[in-house]
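Here are the chains, one letter per residue:
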Amino acid sequence: MTGGLALVLTIAAPVGGALLIGLLDRHPNWRECTTLATAGALFLLVASQVSSVMAGDRPSTVLAEPLPGLPLALTLEPLGMLFSLVASFLWIVTSIYSIGYMRGHGESHQTRFYVFFALSLSSAMGVAFAGNMFTLFIFYELLTLCTYPLVTHAGTLEAKRAGRLYLGFLLSTSIGLQLLAMIWTWDIAGTLSFAPGGILADKASPRILSVLFVLYVLGVGKAALMPFHRWLPAAMVAPTPVSALLHAVAVVKAGVFTILKISVYLFGLDLLVTLEARDWLMALAAATILIASAIALTQDNLKARLAYSTISQLSYVVLGGLLANTWSLLGAGMHIAMHAFGKITLFFCAGAILVAAHKTEISQLDGIGRRMPITMAAFFIGSLSVIGLPPTGGSWSKWFLALGTIEAAQYQLLAVLMLSTLLNVAYLMPIPIRAFFSHSHHGESFSHTTEAPLPCLIALVLSAGGCLALFLQPDTIFTLLGPILPTGR
(Lines give C-alpha, C1' and ligand atoms only; values in the text may rest on other atoms or scores of the structure.)
Protein backbone atom coordinates (compact mmCIF):
# COMPACT_ATOMS: atom_id res chain seq x y z
CA MET A 1 0.00 0.00 0.00
CA THR A 2 1.39 3.39 -0.98
CA GLY A 3 1.67 6.14 1.61
CA GLY A 4 -0.82 8.35 -0.24
CA LEU A 5 -3.40 5.56 -0.36
CA ALA A 6 -2.93 4.92 3.35
CA LEU A 7 -3.69 8.59 4.07
CA VAL A 8 -6.92 8.45 2.06
CA LEU A 9 -7.99 5.19 3.72
CA THR A 10 -7.29 6.66 7.16
CA ILE A 11 -9.81 9.43 6.53
CA ALA A 12 -12.27 7.16 4.70
CA ALA A 13 -12.30 4.28 7.20
CA PRO A 14 -14.22 6.14 9.96
CA VAL A 15 -16.70 7.43 7.35
CA GLY A 16 -17.33 3.88 6.15
CA GLY A 17 -17.63 2.75 9.75
CA ALA A 18 -20.17 5.51 10.45
CA LEU A 19 -22.34 4.37 7.54
CA LEU A 20 -22.27 0.76 8.72
CA ILE A 21 -22.99 1.80 12.32
CA GLY A 22 -26.04 3.71 11.10
CA LEU A 23 -27.32 0.62 9.26
CA LEU A 24 -26.97 -1.46 12.45
CA ASP A 25 -29.26 0.78 14.50
CA ARG A 26 -31.50 -2.11 15.58
CA HIS A 27 -28.59 -4.41 16.42
CA PRO A 28 -26.72 -2.72 19.28
CA ASN A 29 -24.22 -5.53 19.82
CA TRP A 30 -23.18 -5.52 16.16
CA ARG A 31 -23.22 -1.71 16.13
CA GLU A 32 -20.75 -1.58 19.01
CA CYS A 33 -18.58 -4.34 17.53
CA THR A 34 -18.42 -2.29 14.34
CA THR A 35 -17.40 0.78 16.31
CA LEU A 36 -14.55 -1.13 17.97
CA ALA A 37 -13.48 -2.73 14.68
CA THR A 38 -13.43 0.63 12.91
CA ALA A 39 -11.44 2.23 15.72
CA GLY A 40 -8.95 -0.67 15.65
CA ALA A 41 -8.60 -0.49 11.87
CA LEU A 42 -7.99 3.27 12.03
CA PHE A 43 -5.22 2.85 14.60
CA LEU A 44 -3.55 0.11 12.54
CA LEU A 45 -3.65 2.30 9.43
CA VAL A 46 -2.05 5.19 11.34
CA ALA A 47 0.53 3.01 13.11
CA SER A 48 1.59 1.43 9.81
CA GLN A 49 3.02 4.82 8.77
CA VAL A 50 5.18 5.44 11.85
CA SER A 51 8.35 3.71 10.66
CA SER A 52 8.34 5.44 7.27
CA VAL A 53 7.84 8.89 8.83
CA MET A 54 10.64 8.22 11.31
CA ALA A 55 12.83 7.23 8.37
CA GLY A 56 12.22 10.62 6.78
CA ASP A 57 9.43 9.80 4.34
CA ARG A 58 6.62 12.33 3.90
CA PRO A 59 3.80 10.50 2.11
CA SER A 60 1.36 12.84 0.39
CA THR A 61 -1.56 12.91 -2.01
CA VAL A 62 -4.00 15.40 -3.52
CA LEU A 63 -7.71 14.68 -3.02
CA ALA A 64 -9.01 17.46 -5.26
CA GLU A 65 -8.30 21.03 -6.38
CA PRO A 66 -11.52 22.99 -5.87
CA LEU A 67 -9.72 26.29 -6.56
CA PRO A 68 -6.66 26.89 -8.76
CA GLY A 69 -3.56 26.65 -6.59
CA LEU A 70 -5.56 25.55 -3.53
CA PRO A 71 -5.60 21.75 -3.49
CA LEU A 72 -7.16 19.56 -0.83
CA ALA A 73 -3.82 17.92 -0.08
CA LEU A 74 -2.71 15.44 2.55
CA THR A 75 0.86 15.12 3.84
CA LEU A 76 2.05 13.10 6.80
CA GLU A 77 4.79 14.77 8.85
CA PRO A 78 5.96 14.27 12.48
CA LEU A 79 3.45 16.53 14.26
CA GLY A 80 0.54 15.02 12.32
CA MET A 81 1.87 11.55 13.00
CA LEU A 82 1.89 12.22 16.74
CA PHE A 83 -1.60 13.74 16.79
CA SER A 84 -3.12 10.97 14.67
CA LEU A 85 -1.50 8.24 16.78
CA VAL A 86 -2.87 9.70 20.00
CA ALA A 87 -6.36 10.34 18.61
CA SER A 88 -6.73 6.97 16.88
CA PHE A 89 -5.52 4.94 19.87
CA LEU A 90 -7.70 6.83 22.33
CA TRP A 91 -10.71 6.28 20.05
CA ILE A 92 -10.35 2.56 20.77
CA VAL A 93 -10.24 3.22 24.52
CA THR A 94 -13.12 5.70 24.36
CA SER A 95 -15.22 3.25 22.34
CA ILE A 96 -14.76 0.60 25.02
CA TYR A 97 -15.72 3.13 27.68
CA SER A 98 -18.73 4.36 25.70
CA ILE A 99 -20.24 0.88 25.57
CA GLY A 100 -20.33 0.68 29.36
CA TYR A 101 -21.29 4.32 29.91
CA MET A 102 -24.02 4.70 27.29
CA ARG A 103 -25.73 1.47 28.34
CA GLY A 104 -25.11 1.89 32.07
CA HIS A 105 -26.45 5.45 32.04
CA GLY A 106 -29.39 4.57 29.78
CA GLU A 107 -28.53 7.20 27.16
CA SER A 108 -30.89 7.63 24.21
CA HIS A 109 -29.92 7.96 20.53
CA GLN A 110 -26.86 5.76 20.94
CA THR A 111 -26.54 5.00 17.23
CA ARG A 112 -26.41 8.71 16.41
CA PHE A 113 -23.74 9.09 19.08
CA TYR A 114 -21.48 6.43 17.56
CA VAL A 115 -22.04 7.71 14.01
CA PHE A 116 -20.98 11.27 14.79
CA PHE A 117 -18.12 10.08 16.97
CA ALA A 118 -16.74 8.21 13.95
CA LEU A 119 -17.24 11.21 11.65
CA SER A 120 -15.45 13.40 14.19
CA LEU A 121 -12.43 11.09 14.13
CA SER A 122 -12.36 11.22 10.34
CA SER A 123 -12.29 15.02 10.53
CA ALA A 124 -9.54 14.90 13.15
CA MET A 125 -7.44 12.71 10.84
CA GLY A 126 -7.95 15.29 8.10
CA VAL A 127 -6.65 18.00 10.41
CA ALA A 128 -3.64 15.85 11.31
CA PHE A 129 -2.73 15.07 7.69
CA ALA A 130 -3.47 18.48 6.13
CA GLY A 131 -0.80 19.43 3.62
CA ASN A 132 -1.76 23.10 3.55
CA MET A 133 -3.76 25.62 5.54
CA PHE A 134 -6.72 25.40 3.16
CA THR A 135 -7.10 21.66 3.78
CA LEU A 136 -6.63 22.11 7.51
CA PHE A 137 -9.34 24.78 7.60
CA ILE A 138 -11.85 22.54 5.77
CA PHE A 139 -11.36 19.61 8.13
CA TYR A 140 -11.19 21.95 11.16
CA GLU A 141 -14.67 23.24 10.29
CA LEU A 142 -15.97 19.72 9.59
CA LEU A 143 -14.76 18.71 13.06
CA THR A 144 -16.79 21.54 14.59
CA LEU A 145 -19.93 20.52 12.70
CA CYS A 146 -19.53 16.79 13.41
CA THR A 147 -19.12 17.34 17.15
CA TYR A 148 -22.09 19.71 17.46
CA PRO A 149 -24.66 16.84 17.57
CA LEU A 150 -22.56 15.23 20.30
CA VAL A 151 -22.55 18.37 22.43
CA THR A 152 -26.34 18.67 22.07
CA HIS A 153 -26.88 14.91 22.47
CA ALA A 154 -29.18 15.18 25.50
CA GLY A 155 -31.62 17.42 23.60
CA THR A 156 -32.38 19.51 26.70
CA LEU A 157 -32.62 23.30 26.73
CA GLU A 158 -29.27 23.42 28.52
CA ALA A 159 -27.70 21.18 25.86
CA LYS A 160 -29.13 23.31 23.05
CA ARG A 161 -27.79 26.50 24.69
CA ALA A 162 -24.38 24.85 25.05
CA GLY A 163 -24.50 23.85 21.39
CA ARG A 164 -25.27 27.40 20.27
CA LEU A 165 -22.38 28.69 22.37
CA TYR A 166 -20.14 25.95 20.96
CA LEU A 167 -20.92 26.80 17.36
CA GLY A 168 -20.94 30.53 18.03
CA PHE A 169 -17.45 30.68 19.49
CA LEU A 170 -15.78 28.18 17.17
CA LEU A 171 -17.31 29.38 13.90
CA SER A 172 -16.97 33.09 14.67
CA THR A 173 -13.28 32.77 15.51
CA SER A 174 -12.44 30.51 12.57
CA ILE A 175 -14.41 32.43 9.95
CA GLY A 176 -13.89 35.91 11.36
CA LEU A 177 -10.19 35.62 12.18
CA GLN A 178 -8.59 32.41 10.87
CA LEU A 179 -10.13 32.65 7.38
CA LEU A 180 -9.15 36.32 7.16
CA ALA A 181 -5.56 35.35 8.05
CA MET A 182 -5.56 32.66 5.36
CA ILE A 183 -6.74 35.09 2.68
CA TRP A 184 -4.09 37.58 3.77
CA THR A 185 -1.41 34.86 3.71
CA TRP A 186 -2.42 33.88 0.18
CA ASP A 187 -2.21 37.51 -0.89
CA ILE A 188 1.31 38.11 0.42
CA ALA A 189 2.88 34.66 -0.06
CA GLY A 190 0.96 33.24 -3.03
CA THR A 191 0.55 29.88 -1.31
CA LEU A 192 -0.96 28.23 1.77
CA SER A 193 1.29 25.16 1.68
CA PHE A 194 3.00 23.97 4.82
CA ALA A 195 6.78 23.99 4.41
CA PRO A 196 9.70 23.37 6.80
CA GLY A 197 11.00 26.75 7.87
CA GLY A 198 7.75 28.51 6.92
CA ILE A 199 6.59 30.45 3.86
CA LEU A 200 6.28 34.00 5.20
CA ALA A 201 9.84 35.16 5.85
CA ASP A 202 10.56 38.46 4.01
CA LYS A 203 7.03 38.48 2.54
CA ALA A 204 5.83 41.51 4.54
CA SER A 205 6.91 43.93 7.25
CA PRO A 206 7.37 42.59 10.80
CA ARG A 207 4.35 44.59 11.97
CA ILE A 208 2.06 43.08 9.32
CA LEU A 209 3.34 39.59 10.09
CA SER A 210 2.70 40.22 13.80
CA VAL A 211 -0.92 41.16 13.09
CA LEU A 212 -1.25 38.10 10.85
CA PHE A 213 0.07 35.80 13.57
CA VAL A 214 -2.35 37.26 16.11
CA LEU A 215 -5.25 36.59 13.74
CA TYR A 216 -4.16 32.98 13.38
CA VAL A 217 -3.65 32.32 17.09
CA LEU A 218 -6.91 33.96 18.21
CA GLY A 219 -8.69 32.42 15.23
CA VAL A 220 -8.04 28.93 16.54
CA GLY A 221 -10.91 28.95 19.02
CA LYS A 222 -10.46 25.25 19.79
CA ALA A 223 -7.26 26.15 21.66
CA ALA A 224 -9.52 27.93 24.21
CA LEU A 225 -7.26 30.89 24.90
CA MET A 226 -9.06 33.42 27.06
CA PRO A 227 -11.40 35.15 26.30
CA PHE A 228 -12.40 32.55 23.65
CA HIS A 229 -12.83 29.72 26.16
CA ARG A 230 -16.45 29.84 27.33
CA TRP A 231 -17.64 27.19 24.88
CA LEU A 232 -15.56 24.53 26.59
CA PRO A 233 -17.08 24.55 30.11
CA ALA A 234 -20.55 24.96 28.57
CA ALA A 235 -20.03 21.80 26.51
CA MET A 236 -19.73 19.73 29.69
CA VAL A 237 -23.48 19.16 29.49
CA ALA A 238 -22.67 16.44 26.95
CA PRO A 239 -22.23 12.75 27.95
CA THR A 240 -18.86 11.92 29.49
CA PRO A 241 -17.48 10.13 26.39
CA VAL A 242 -18.12 13.35 24.47
CA SER A 243 -16.28 15.32 27.15
CA ALA A 244 -13.40 12.91 26.65
CA LEU A 245 -13.56 13.55 22.89
CA LEU A 246 -13.62 17.32 23.41
CA HIS A 247 -10.85 17.44 26.00
CA ALA A 248 -8.47 14.66 25.09
CA VAL A 249 -9.03 12.89 21.80
CA ALA A 250 -9.83 15.37 19.06
CA VAL A 251 -11.28 18.85 19.47
CA VAL A 252 -9.00 20.84 21.77
CA LYS A 253 -5.98 18.85 20.59
CA ALA A 254 -6.87 19.86 17.04
CA GLY A 255 -6.75 23.45 18.27
CA VAL A 256 -3.31 23.43 19.84
CA PHE A 257 -2.01 21.17 17.03
CA THR A 258 -3.15 23.82 14.53
CA ILE A 259 -1.26 26.54 16.39
CA LEU A 260 1.90 24.41 16.34
CA LYS A 261 1.49 23.73 12.60
CA ILE A 262 1.03 27.43 11.88
CA SER A 263 4.07 28.30 13.99
CA VAL A 264 6.39 25.69 12.48
CA TYR A 265 5.21 25.42 8.87
CA LEU A 266 3.66 28.80 7.96
CA PHE A 267 5.75 31.29 9.91
CA GLY A 268 8.81 29.25 10.81
CA LEU A 269 10.47 29.45 14.18
CA ASP A 270 13.25 31.80 13.03
CA LEU A 271 10.65 34.36 11.96
CA LEU A 272 8.42 33.72 14.95
CA VAL A 273 11.01 34.79 17.53
CA THR A 274 11.34 38.21 15.83
CA LEU A 275 7.63 39.11 15.98
CA GLU A 276 6.58 41.76 18.51
CA ALA A 277 3.17 40.15 18.98
CA ARG A 278 4.77 36.99 20.32
CA ASP A 279 5.49 38.62 23.68
CA TRP A 280 1.92 39.64 24.47
CA LEU A 281 0.55 36.36 23.12
CA MET A 282 2.85 34.57 25.54
CA ALA A 283 1.50 36.83 28.27
CA LEU A 284 -2.05 35.90 27.22
CA ALA A 285 -1.19 32.18 27.35
CA ALA A 286 0.40 32.62 30.77
CA ALA A 287 -2.65 34.50 32.05
CA THR A 288 -4.93 31.74 30.71
CA ILE A 289 -2.85 29.12 32.53
CA LEU A 290 -3.14 30.89 35.88
CA ILE A 291 -6.69 32.27 35.65
CA ALA A 292 -8.21 28.99 34.49
CA SER A 293 -6.37 27.13 37.25
CA ALA A 294 -7.66 29.58 39.83
CA ILE A 295 -11.23 29.19 38.54
CA ALA A 296 -10.86 25.40 38.65
CA LEU A 297 -10.16 25.68 42.37
CA THR A 298 -13.60 27.23 42.91
CA GLN A 299 -15.60 24.57 41.04
CA ASP A 300 -17.41 21.93 43.08
CA ASN A 301 -18.81 20.17 40.02
CA LEU A 302 -16.21 17.60 39.00
CA LYS A 303 -16.57 17.98 35.23
CA ALA A 304 -16.51 21.78 35.50
CA ARG A 305 -13.26 21.60 37.48
CA LEU A 306 -11.75 19.33 34.85
CA ALA A 307 -12.98 21.65 32.08
CA TYR A 308 -11.15 24.66 33.50
CA SER A 309 -8.12 22.46 34.06
CA THR A 310 -8.18 21.68 30.33
CA ILE A 311 -8.30 25.38 29.43
CA SER A 312 -5.20 25.90 31.55
CA GLN A 313 -3.32 22.88 30.22
CA LEU A 314 -3.96 23.77 26.57
CA SER A 315 -2.09 27.01 27.03
CA TYR A 316 1.00 25.04 28.02
CA VAL A 317 1.11 23.79 24.42
CA VAL A 318 0.46 27.27 23.03
CA LEU A 319 3.22 28.69 25.23
CA GLY A 320 5.63 25.98 24.09
CA GLY A 321 5.00 26.84 20.46
CA LEU A 322 5.42 30.57 21.08
CA LEU A 323 8.73 30.12 22.90
CA ALA A 324 9.97 28.60 19.62
CA ASN A 325 13.07 26.75 20.76
CA THR A 326 14.14 23.13 20.83
CA TRP A 327 13.09 22.30 24.38
CA SER A 328 9.80 24.21 24.30
CA LEU A 329 8.69 22.65 21.02
CA LEU A 330 9.56 19.19 22.30
CA GLY A 331 7.60 19.90 25.48
CA ALA A 332 4.61 21.27 23.53
CA GLY A 333 4.49 18.24 21.23
CA MET A 334 4.82 15.84 24.12
CA HIS A 335 2.13 17.65 26.11
CA ILE A 336 -0.39 16.91 23.36
CA ALA A 337 0.06 13.21 24.12
CA MET A 338 0.68 13.44 27.86
CA HIS A 339 -2.31 15.64 28.62
CA ALA A 340 -4.52 13.52 26.36
CA PHE A 341 -3.91 10.38 28.40
CA GLY A 342 -4.06 12.15 31.77
CA LYS A 343 -7.21 14.15 31.11
CA ILE A 344 -9.13 11.36 29.41
CA THR A 345 -8.45 9.23 32.49
CA LEU A 346 -9.91 11.91 34.74
CA PHE A 347 -13.04 12.28 32.61
CA PHE A 348 -13.48 8.51 32.44
CA CYS A 349 -13.38 8.43 36.24
CA ALA A 350 -15.89 11.29 36.50
CA GLY A 351 -18.26 9.40 34.22
CA ALA A 352 -17.76 6.16 36.13
CA ILE A 353 -18.69 7.94 39.36
CA LEU A 354 -21.83 9.32 37.71
CA VAL A 355 -22.89 5.91 36.38
CA ALA A 356 -22.13 3.96 39.57
CA ALA A 357 -22.89 6.48 42.34
CA HIS A 358 -24.90 9.20 40.55
CA LYS A 359 -22.65 11.89 42.03
CA THR A 360 -21.40 14.98 40.21
CA GLU A 361 -20.09 17.22 42.99
CA ILE A 362 -16.67 16.90 44.58
CA SER A 363 -18.16 17.65 48.00
CA GLN A 364 -20.21 14.46 47.64
CA LEU A 365 -17.22 12.14 47.12
CA ASP A 366 -15.97 11.68 50.69
CA GLY A 367 -15.26 7.99 51.20
CA ILE A 368 -16.19 6.89 47.68
CA GLY A 369 -12.71 5.50 47.11
CA ARG A 370 -13.42 2.64 49.49
CA ARG A 371 -16.32 1.55 47.27
CA MET A 372 -14.69 2.42 43.93
CA PRO A 373 -10.97 1.82 44.56
CA ILE A 374 -10.03 1.09 40.93
CA THR A 375 -11.71 4.25 39.66
CA MET A 376 -10.18 6.52 42.26
CA ALA A 377 -6.72 4.93 41.92
CA ALA A 378 -6.91 5.69 38.19
CA PHE A 379 -8.02 9.24 39.05
CA PHE A 380 -4.92 9.58 41.24
CA ILE A 381 -2.64 8.46 38.39
CA GLY A 382 -4.34 10.80 35.91
CA SER A 383 -3.98 13.66 38.40
CA LEU A 384 -0.25 13.00 38.75
CA SER A 385 0.15 13.18 34.97
CA VAL A 386 -1.78 16.45 34.62
CA ILE A 387 0.21 17.92 37.53
CA GLY A 388 3.45 16.69 35.93
CA LEU A 389 4.83 14.37 38.60
CA PRO A 390 6.70 11.04 38.20
CA PRO A 391 6.07 8.25 37.42
CA THR A 392 3.67 9.64 34.79
CA GLY A 393 4.22 11.03 31.31
CA GLY A 394 3.20 14.56 32.18
CA SER A 395 6.44 15.01 34.09
CA TRP A 396 8.41 14.86 30.80
CA SER A 397 6.39 17.44 28.91
CA LYS A 398 6.40 19.93 31.77
CA TRP A 399 10.11 19.38 32.34
CA PHE A 400 10.92 20.25 28.73
CA LEU A 401 8.57 23.23 28.75
CA ALA A 402 10.40 24.52 31.82
CA LEU A 403 13.73 24.03 30.04
CA GLY A 404 12.27 25.97 27.10
CA THR A 405 11.53 28.98 29.29
CA ILE A 406 15.10 28.88 30.63
CA GLU A 407 16.58 28.59 27.13
CA ALA A 408 14.51 31.64 26.08
CA ALA A 409 15.53 33.49 29.29
CA GLN A 410 11.80 33.90 30.05
CA TYR A 411 12.12 33.38 33.79
CA GLN A 412 8.77 34.98 34.53
CA LEU A 413 7.17 32.24 32.43
CA LEU A 414 9.11 29.64 34.37
CA ALA A 415 7.53 31.10 37.51
CA VAL A 416 4.11 30.79 35.84
CA LEU A 417 4.73 27.10 35.16
CA MET A 418 5.83 26.50 38.74
CA LEU A 419 2.87 28.39 40.24
CA SER A 420 0.39 26.65 37.94
CA THR A 421 1.79 23.27 38.97
CA LEU A 422 1.05 24.13 42.59
CA LEU A 423 -2.46 25.14 41.56
CA ASN A 424 -2.81 21.80 39.75
CA VAL A 425 -1.95 20.07 43.01
CA ALA A 426 -4.46 22.22 44.89
CA TYR A 427 -7.45 21.47 42.64
CA LEU A 428 -6.74 17.82 41.81
CA MET A 429 -5.11 16.04 44.73
CA PRO A 430 -7.84 16.76 47.33
CA ILE A 431 -10.25 14.67 45.24
CA PRO A 432 -8.56 11.25 45.62
CA ILE A 433 -7.45 12.15 49.16
CA ARG A 434 -10.99 12.80 50.37
CA ALA A 435 -12.24 9.81 48.37
CA PHE A 436 -9.93 7.42 50.25
CA PHE A 437 -9.35 9.08 53.60
CA SER A 438 -12.45 11.16 54.44
CA HIS A 439 -15.63 9.79 55.94
CA SER A 440 -18.85 10.24 54.02
CA HIS A 441 -21.33 12.79 55.34
CA HIS A 442 -24.10 11.11 53.38
CA GLY A 443 -24.81 8.20 55.66
CA GLU A 444 -25.55 5.14 53.56
CA SER A 445 -25.13 6.93 50.23
CA PHE A 446 -22.29 4.61 49.10
CA SER A 447 -23.35 1.44 50.92
CA HIS A 448 -24.68 -0.13 47.72
CA THR A 449 -22.18 1.52 45.36
CA THR A 450 -19.90 -0.69 43.31
CA GLU A 451 -17.50 -0.01 40.48
CA ALA A 452 -18.88 1.14 37.12
CA PRO A 453 -19.63 -1.40 34.36
CA LEU A 454 -16.66 -3.48 33.21
CA PRO A 455 -16.09 -1.66 29.88
CA CYS A 456 -15.73 1.62 31.80
CA LEU A 457 -13.19 0.04 34.15
CA ILE A 458 -11.21 -1.50 31.29
CA ALA A 459 -10.99 1.86 29.54
CA LEU A 460 -9.90 3.90 32.55
CA VAL A 461 -7.31 1.27 33.53
CA LEU A 462 -5.92 1.36 29.97
CA SER A 463 -5.70 5.15 29.91
CA ALA A 464 -4.14 5.29 33.39
CA GLY A 465 -1.67 2.64 32.28
CA GLY A 466 -0.86 4.84 29.31
CA CYS A 467 0.09 7.67 31.69
CA LEU A 468 2.64 5.35 33.31
CA ALA A 469 3.86 3.87 30.01
CA LEU A 470 4.56 7.33 28.58
CA PHE A 471 6.85 8.02 31.53
CA LEU A 472 8.77 4.78 31.04
CA GLN A 473 8.92 4.87 27.22
CA PRO A 474 8.98 8.45 25.87
CA ASP A 475 11.66 7.63 23.29
CA THR A 476 9.23 7.16 20.40
CA ILE A 477 7.93 10.70 20.83
CA PHE A 478 11.48 12.07 21.14
CA THR A 479 12.48 10.37 17.89
CA LEU A 480 9.28 11.30 16.07
CA LEU A 481 9.52 15.01 16.88
CA GLY A 482 13.26 15.22 16.21
CA PRO A 483 13.04 16.39 12.56
CA ILE A 484 10.93 19.46 13.39
CA LEU A 485 13.07 20.68 16.29
CA PRO A 486 15.25 23.71 15.55
CA THR A 487 19.00 23.35 15.74
CA GLY A 488 21.35 25.98 17.01
CA ARG A 489 18.74 27.67 19.20
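Further up the page is the structure itself.
Residues numbered from 1 in each chain as written. Predicted model: local features only at pLDDT ≥ 70, side-chain atom pairs only at ≥ 80, totals over all residues. Heavy atoms only, no water.

Engineer: What should I look at first to understand the packing of aromatic side chains in this one?
Structural biologist: Applying the stated criterion across every chain yields a total of 16 aromatic pairs. Ring geometry for Phe213 versus Phe267: centroids 4.9 Å apart, planes at 75°, classification edge-to-face. Note that Phe213 is positioned in helix H8 (residues 206-219) and Phe267 in helix H11 (residues 251-267), a separation of 54 residues in sequence. One aromatic cluster is present, built from ring pairs that chain together Trp327, Trp396, Phe400, Phe471 and Phe478. Between the NZ or CZ atom of Lys222 and the centre of the ring of Tyr140, over which it lies, the distance is 3.4 Å. (Phe/Tyr/Trp six-rings, centres within 6.5 Å; stacked < 30°, edge-to-face > 60°. Helix = DSSP H or I, 4+ residues; strand = E, 2+ residues; numbered from the N terminus. Lys NZ or Arg CZ within 6 Å of the ring centre and 35° of its normal.)

Engineer: Just to check I follow, could you spell out the pattern of salt bridges for this structure?
Structural biologist: As a working rule, side chains carrying opposite charge can pair if their charged atoms are close by. Tallied over the full model, the rule gives three salt bridges. Its salt-bridge partner being Glu77, residue Lys261 comes within 3.2 Å of it at the nearest N-O pair. Taken together, the positions of Lys261 in helix H11 and Glu77 in the loop between strand S2 (70-75) and helix H4 (78-104) put the pair 184 residues apart, joining distant regions of the chain. In this structure Glu77 comes out as buried when scored by relative accessible area, which is 6%. Two residues, Arg434 and Asp366, come together in a salt bridge whose shortest N-O distance is 2.5 Å. Taken as a pair, Arg434 in helix H19 (residues 430-437) and Asp366 in the loop between helix H15 (326-357) and helix H16 (373-387) lie far apart in primary sequence, 68 residues in all. Looking at Arg434, the relative accessible area reads 24%, which means it is partly exposed. Owing to a relative accessible area of 5%, Asp366 belongs among the buried residues under this scheme. (Salt bridge = Lys/Arg side-chain N within 4 Å of Asp/Glu carboxyl O. Buried < 20%, exposed > 50% of the residue type's maximum accessible area, 1.4 Å probe, protein only.)

Engineer: Help me understand unusual backbone geometry, please; the structure alone is not making it clear to me.
Structural biologist: Of note, the amide linkage connecting Met226 to Pro227 takes the cis form, showing an omega dihedral of 15°. One can find Pro227 in the loop between H8 and helix H9 (231-234). With an omega of 0°, the peptide bond running from Pro390 to Pro391 counts as cis. Of note, Pro391 is situated in the loop between H16 and helix H17 (394-407). With phi around 65°, Asp202 is a residue other than glycine that occupies positive phi space. Examined against the element boundaries, Asp202 turns out to sit in the loop between helix H7 (157-189) and H8. The class for Asp202 is exposed, based on a relative accessible area of 79%. Backbone geometry at Ala324 places phi at a positive 60°, although glycine is not the residue there.

Engineer: Help me understand the environment of Pro455 in this model?
Structural biologist: With respect to the helices and strands, Pro455 occurs in helix H20 (residues 454-472). Classification of Pro455 as partly exposed rests on a relative accessible area of 23%. Each C-alpha atom of the pair Pro455 and Leu85 lies 22 Å from the other, and the pair is 370 residues apart in sequence. Pro455 has contacts with Ile96, Tyr97, Ile99 and Gly100, leaving out every residue within four places of it along the chain. (Contact = heavy atoms within 4.5 Å.)

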